Amino acid sequence: MKKFGLVLSGGGARGLAHIGILKVLEENGLYPDFITGASMGAIIGAIYVSGRTVSEMEDFVNNFVFGDVLDKKYPLYKLNLIEGKSRTSFMKYISIGVSLNSLVKKSFLDPGRKIQYLFKQLTGDKTFEETKTPFACTAVDILTGRVAVLDKGKLYLAMRASMSIPLVFEPVHYDNMLLVDGGVLSNAPVCVARKMGAEVVIAVDVNPPVKKKNEEELKGAFHMMWRISEITLDGIYRRELKEADYVVPAHVHLDTLDFSHNMEAVKIGEEAMRSNIKHIKELLEE
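Residues numbered from 1 in each chain as written. Predicted model: local features only at pLDDT ≥ 70, side-chain atom pairs only at ≥ 80, totals over all residues. Heavy atoms only, no water.

### With respect to the overall build of the chain
Applicable threshold: In DSSP terms, a helix is any run of H or I states spanning at least four residues, a strand is any run of E spanning at least two, and both are numbered starting from the N terminus. Put simply, the radius of gyration uses C-alpha atoms, and a globule should come to 2.2 Å times the residue count raised to 0.38. Think of it in three bands: with a 1.4 Å probe and only protein chains considered, a residue is buried below 20% of the maximum accessible area for its type, exposed above 50%, and partly exposed in between. By definition in these notes, contact holds between two residues if any of their heavy atoms fall within 4.5 Å. Neither His nor the chain ends contribute to the count of charged residues, in which Lys and Arg are positive and Asp and Glu negative. Charge positions come from single atoms, namely NZ of Lys, CZ of Arg, CG of Asp or CD of Glu.
In terms of helices and strands, the chain carries eleven helices and eight strands. For a compact globule of 286 residues, the expected C-alpha radius of gyration is about 19 Å, and the chain comes in at 18 Å, within 12% of that figure. Over its C-alpha atoms, taken along the principal directions, the chain stretches across nearly 55 × 40 × 40 Å. Per-residue burial for the chain yields a buried fraction of 53% across its 286 residues. Long-range pairs, those at least 24 residues apart, make up 78% of the contacts in the chain between residues at least 6 apart in sequence. Distance between charge centroids for the chain: 5 Å, based on 36 positive and 36 negative side chains.

Pasting the structure below:
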């Protein structure tokens with residue numbers, strides 16, 4: 001059987017579908033020879049290669065409360081409380097006054113300290129060198145404007161860097177770089193999996209394509225710039241996916257920070273992989 005790399009895309013809460021992907025792969029006796037990821041894909045991938053079982057991961061996300069890992073002194077915690085009541089898109093909240101006023105003083109809505117500590121616990125403070133499966137994840141160095149491939153040192157630090165959504169979480173100082181979310185330039189690091197030695201690369205796409213919007217929704221500079229950013233990031237992401245040998249469509253229709261339907265996202269991953277496992281087996285056995 002060919003050596004294969006599994007690419008876990010970023011997508012915030014949508015990325016929890018990766019747990020279901022891993023579950024079905026294991027049920028069919030398939031274990032990736034290499035794993036790469038960005039943002040939530042990096043988080044799930046790092047936890048998995050650190051030795052956590054799929055069952056443990058399911059138990060954790062089933063009881064996960066996003067507000068518990070946010071700093072109560074920062075705006076994102078307050079926004080999360082509002083979002084928890086109304087379920088309105090998070091993107092609408094970051095445009096309201098409290099967020100904009102906060103960003104005048106600081107370049108982020110949460111410092112990410114509690115999340116980083118959680119990552120350290122979940123991975124047992126392990127390093128890349130201690131993982132059961134070769135793993136790498138991406139982030140973006142905003143000093144040089146280039147993709148940073150993280151594959152050495154502490155897993156939890158790399159996870160924290162890879163999920164640092166710009167303006168939402170504080171950028172991470174890491175090895176003379178200032179890192180933000182890998183999804184900015186490499187949300188599906190297919191090329192990284194190939195460089196690691198994968199003969200076949202299977203990518204998991206958890207993000208629905210960009211939806212059409214009405215002109216009325218794009219009033220004002222902030223909404224216009226957000227829309228342009230959304231289109232740009234999706235375009236880069238889709239080009240990366242085309243480089244994979246096989247793409248598993250596990251589209252989850254959740255907002256990036258909506259962690260109120262976690263097990264539904266996991267289930268979508270399971271169903272997507274069950275629908276594609278036959279083709280993947282055939283591809284690996286060719």
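### Details of the environment of S107
Position of S107 among the secondary structure elements: in the loop between α6 (97-105) and α7 (113-122). Given a relative accessible area of 44%, S107 falls into the partly exposed group.

### Digging into the packing of helix α1 (residues 17-27) against helix α3 (residues 54-62)
For the record, the criterion: Geometry is summarised by axes, namely lines fitted to C-alpha atoms with helices restricted to the contacting stretch, and by angles between N-to-C directions that run from 0 to 180 degrees. Put simply, angles under 35 degrees are roughly parallel, angles over 145 are roughly antiparallel, angles from 65 to 115 are roughly perpendicular, and the rest are oblique. When the near helix sits turned anticlockwise from the far one by under a right angle, the crossing is termed left-handed; a clockwise turn instead gives a right-handed crossing.
Where α1 contacts α3, the two axes come as close as 10 Å, and the packing angle between them is 155°. Taken together, the axes of α1 and α3 lie roughly antiparallel to each other. Pair α1 / α3 crosses with left-handed handedness. Contacts from I19, L22, K23 and E26 in α1 reach V54, M57, E58 and V61 in α3.

### A few points about the nonpolar core
Defined as follows: We call a set of buried residues a nonpolar core when its members are Ala, Val, Leu, Ile, Met, Phe, Trp, Tyr or Cys and they connect through side-chain atoms within 4.5 Å of each other.
In terms of nonpolar packing, the biggest core is built from 73 residues, with F66 and L150 touching the most fellow members. Among residues more than four places away in sequence, those in contact with L150 are F128, A136, C137, A139, A158, A161, Y174, M177 and L179. Residues F34, A188, A193 and A198 belong to the second largest nonpolar core, which totals eleven residues.

### Points about the packing of aromatic side chains
Keep this limit in mind: Side-chain rings of Phe, Tyr and Trp, where Trp is taken by its six-membered ring, are said to pair if the distance between their centres is within 6.5 Å; with planes under 30 degrees apart they count as stacked, over 60 as edge-to-face, and otherwise as tilted. Comment: the charge-over-ring label is applied if NZ (Lys) or CZ (Arg) is within 6 Å of the ring centre and within 35 degrees of the ring normal.
Per the stated rule, a full pass over the model turns up five aromatic pairs. Look at F60 and F64: their rings are 5.7 Å apart centre to centre, the planes differ by 40°, and that puts the pair in the tilted class. Taken together, the ring pairs in this structure connect F60, F64, F66 and F259 into an aromatic cluster. For K132, the ring lying beneath its charged end belongs to Y48, and the centroid distance is 4.4 Å.

### Let's talk about the pairing of strand β1 (residues 4-8)
The condition that has to hold: By the convention used here, strands pair only if DSSP detects at least 2 bridges between them. Crossover handedness is defined here as right-handed if the route from the first strand over the helix to the second strand goes clockwise, with the strands pointing away from the viewer.
Taken across its five residues, β1 has five buried, putting it largely inside the fold. Of the two faces of β1, the one holding F4, L6 and L8 and the one holding G5 and V7 are both buried throughout. Note: β1 against strand β7 (residues 200-205), five bridges, orientation parallel. Residue pairing for β7: V7 is matched across the bridge by A203. In the sheet, β1 pairs with strand β2 (residues 34-38) via four bridges, with the strands oriented parallel. Directly across from L6, in β2, lies its bridge partner I35. In the classification by handedness, the crossover that spans β1, the intervening α1 and the parallel β2 is right-handed.

### Details of α3
This is how it is decided: As used here, the arc belongs to the directions running from the helix axis to the C-beta atoms.
Among the residues of α3, V54, M57, E58 and V61 are the ones counted as buried. One side of α3 holds all its buried residues, which, seen down the axis, span an arc of 100°. Along its buried surface, α3 packs onto α1, α2 (40-49) and α11 (262-285).

### A closer look at the packing of α2 against helix α8 (residues 155-162)
Inclusion rule: Note on residue classes: Ala, Val, Leu, Ile, Met, Phe, Trp, Tyr, Cys and Pro are nonpolar, Asp, Glu, Lys and Arg are charged, and everything else, Gly too, is polar.
With their axes 8 Å apart at the nearest point, α2 and α8 run at an angle of 165° to one another. With respect to α8, the axis of α2 lies roughly antiparallel. Handedness of the α2/α8 crossing: left-handed. On α8, the residues that touch A42, I43, A46 and I47 of α2 are L155, M159 and S162. Of the residues in the contact of α2 with α8, the class split is six nonpolar, one polar and no charged.

### Focus: the state of the cysteines
Counted only if it meets this: To count as a disulfide, a pair of cysteine sulfur atoms needs to be within 2.5 Å.
For the structure on display, the rule yields zero disulfides. Residue C137 stays outside any disulfide, its sulfur separated by 13 Å from that of C191, the closest cysteine.

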